[in-house]
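# Survey of secondary and tertiary structure
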Amino acid sequence: LTEIMDIIPKAMESGKWSVKAQAARAMGTICTKLGGTINPSVQKRIAALLIGALAGRTWAGKECIIRSLQDLVVYGGDGVAANLQDKSGDASLETLLEALFKECKKEKVEYKVVALVTTATIINHINKDLFKELYDIVSPHMKGSNPSEDAQPQESEDKEDKENDLKLQEAIITSLGLAWPANVNTQKMFAIEMLDRMETIVGATTRKNQECVAIALGRIMQKWKEPSDINTSQASGQLCEDVFSRAARILSTLLLVPKFGDLRTKTLKVLGTVIKLLVDSKRASLVYIFRDEISKSLDGVIKDLGSDPAIKTTARDLKAALNAIKPDDAAAAENAGGA
């Protein structure tokens, strides 16, 4: 490793992009193979070399650098994160994240896609609440503004633009799902806006991106925490109702997409997560809002002649579990029964 680390820095300074990319990949391979066994000082040196190489414009193969930074953090385990918490030396977690956020703002779509997902993966791995920082970068790209009427792009250019828009949409959904925090205050701040954006996207995108929406929604609901003041705060109660009603509408849209078993399987998995939350909460308003919205879609899956038998069985089981929830906080529960 010592001999390799003597060679790589020189390669990283090469004027040839291919050589720099190869050196970055080599460092990524070192990180994946040796992981947390790398000496802390060498970890810092690798981080410093990679962070330094991110400076400047985007060049062909530069994405290898940010992928190698991900390898360093993910395969290094808790040790590398703790090591980089130390701000002494040429590299720290702070300088690493600062550099990555800068790369997320670059314009080239192919590079931006890698930067976003890589940065979010690192955020997820170190379990740090940096959702706002990432959301501020990507939110302008989630509005779906139309091209100017004055512009008359060629058909090929228009097709390429649409493909790039979908690639970026996929990366944004994926990265925001990965970066979604467990922090209740951040959840309260962004949950509704995030779900509204997802609801707008889910009905008018590709199947691949619909799967990304399902996975992102699953991550959001897995980390969802009921506000501690839900019993005393009308605002908190309303927030929870809004979150579960939006989640139900997104899930309903996904369940009604025909002929895509993988999408339905992923969606039903998320539905199972939400049902567990409702079981734990047992709040009548949440149970009834969610159940009323999702029941028809579940019935649609169960009755769909083209559905896989295993998917139908899962849908029946989830419907039964949802109907079996007995809310604790409403006198109407006894009369509602299994409705």
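Quick summary incoming for the structure in this document.

## A few points about a negative patch on the surface
A surface patch of like charges, here negative, comprises Glu-110, Glu-160, Asp-161, Glu-163 and Asp-165. Tallying contributions element by element places helix H9 (residues 155-179) first for the negative patch, with 4 residues. Within the secondary structure, Glu-160 sits in helix H9. By relative accessible area, which is 47% here, Glu-160 ends up partly exposed.

## A closer look at the packing of aromatic side chains
One pass over the structure, following the stated rule, counts 4 aromatic pairs. Here the aromatic rings of Phe-131 and Tyr-135 are separated by 5.6 Å at their centres, their planes lie at 25°, and the arrangement is stacked. Of the two residues, Phe-131 and Tyr-135 are both situated in helix H8 (residues 131-138); the distance of 4 residues between them amounts to about one turn of the helix. Both residues of the pair, Phe-131 and Tyr-135, count as buried. An aromatic cluster of at least three residues, connected via ring pairs, comprises Phe-131, Tyr-135, Trp-180 and Phe-190.

## Section: the side chain of Asn-83
Following the sequence through the fold, Asn-83 ends up in helix H5 (residues 77-85). Judged by its relative accessible area of 15%, Asn-83 is buried. With residues near it in sequence (within four places) discarded, Asn-83 still touches Pro-40, Gln-43 and Lys-44.

## Points about the environment of Gly-177
Among the secondary structure elements, Gly-177 is positioned in helix H9. Between the C-alpha atoms of Gly-177 and Val-243, which are 66 residues apart in sequence, the distance is 15 Å. The contacts of Gly-177, once residues within four sequence positions are left out, are Met-194, Ala-216 and Arg-219.

## A short note on the pattern of salt bridges
For the coordinates displayed, the defined rule picks out 13 salt bridges. Where Arg-249 meets Glu-199, a salt bridge forms, and the shortest distance between an N and an O atom there is 2.7 Å. Taken as a pair, Arg-249 in helix H12 (residues 234-255) and Glu-199 in helix H10 (residues 184-202) lie far apart in primary sequence, 50 residues in all. Arg-249 sits in the partly exposed class, given a relative accessible area of 27%.

Rules used in this analysis
Residues numbered from 1 in each chain as written. Predicted model: local features only at pLDDT ≥ 70, side-chain atom pairs only at ≥ 80, totals over all residues. Heavy atoms only, no water. Patch = residues over 30% accessible without salt bridge, like charges linked within 9 Å, V, L, I, M, F, W, Y side chains within 5 Å. Areas by Shrake-Rupley, 256 points an atom, 1.4 Å probe, with all protein chains shown as cover. Salt bridge = Lys/Arg side-chain N within 4 Å of Asp/Glu carboxyl O. Lys, Arg positive; Asp, Glu negative; His and termini not counted. Charge placed at Lys NZ, Arg CZ, Asp CG, Glu CD. Helix = DSSP H or I, 4+ residues; strand = E, 2+ residues; numbered from the N terminus. Buried < 20%, exposed > 50% of the residue type's maximum accessible area, 1.4 Å probe, protein only. Phe/Tyr/Trp six-rings, centres within 6.5 Å; stacked < 30°, edge-to-face > 60°. Contact = heavy atoms within 4.5 Å.

By themselves these figures say nothing about function.
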